[in-house]
Amino acid sequence: MWRAYVAALTTPDPASPDLAKYATGDALKTLTAGIQSVKDQGLKGTGNVALAPKITAVTPTTAPTEIEITDCLDDSASQLVRASPGPAYSDEPGGRRLTKATVNRQADGTWKVSGFGAQQVGTC
């Protein structure tokens, strides 16, 4: 999901079909709203994020339909920059942040993020 989000930010394209491959419901709405906000401000994303996800819960333990994932997402190598002419833009520095996600099995057998939260830089 994060790689699709970072890729969609480079344009920025809130309608990127890759977002819906990995996210659904509130998670998808949050991602697309974030990208739309970046676009509306005349900005775009550059760089990449480092990920190290770990499964921290599986429900139910047999034939799971929901998985909880915890990560220490590092966005220090990514930033927002001005995409079009306009005043200078200074992005806040990134870093390592605690991130948690809920992933649900869909009716078609795929797994998609249905909810997530990212904490402040320095939380992991």
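You'll find the structure just up there.
Notes on the structure follow. Quick caveat, the model's predicted, so the values are computed rather than measured.

So, how was this worked out
- Residues numbered from 1 in each chain as written.
- Predicted model: local features only at pLDDT ≥ 70, side-chain atom pairs only at ≥ 80, totals over all residues.
- Heavy atoms only, no water.
- Helix = DSSP H or I, 4+ residues; strand = E, 2+ residues; numbered from the N terminus.
- Buried < 20%, exposed > 50% of the residue type's maximum accessible area, 1.4 Å probe, protein only.
- Contact = heavy atoms within 4.5 Å.
- Polar contact = N/O pair within 3.5 Å; in protein donor to acceptor, adjacent residues only side chain to side chain.

**Some words on unusual backbone geometry**
Cis rather than trans, the peptide bond between T11 and P12 has omega equal to -25 degrees. Of note, P12 is situated in the loop between α1 (2-9) and α2 (17-22). A cis amide bond links T59 with the next residue in sequence, P60, at an omega value of -25 degrees. Here P60 shows up in the loop between β2 (54-59) and β3 (66-74). In this structure, A63 takes a positive phi of about 55 degrees despite not being glycine. Mapped onto the elements, A63 comes out in the loop between β2 and β3.

**Points about the environment of S114**
Residue position: S114 is located in strand β6 (residues 111-118). Overall, the relative accessible area of 24% leaves S114 in the partly exposed class. Taking the C-alpha atoms as reference points, S114 and T102, separated by twelve residues in sequence, lie 5.8 Å from one another. Once you skip the residues sitting within four places of it in the chain, S114 turns out to touch T24, D26, A27, T102 and N104. A polar atom in the side chain of S114 sits 2.5 Å from the side chain of N104.

**What to know about the environment of G109**
Positionally, G109 belongs in the loop between β5 (96-105) and β6. The exposure class assigned to G109 is partly exposed, which follows from its relative accessible area of 26%. In sequence terms G109 and G95 are 14 residues apart; their C-alpha atoms lie 34 Å from each other.

**Structural notes on the environment of T59**
Positionally, T59 belongs in strand β2. Given a relative accessible area of 43%, T59 falls into the partly exposed group. Other than its neighbours up to four places away in sequence, T59 contacts P64, T65 and E66.

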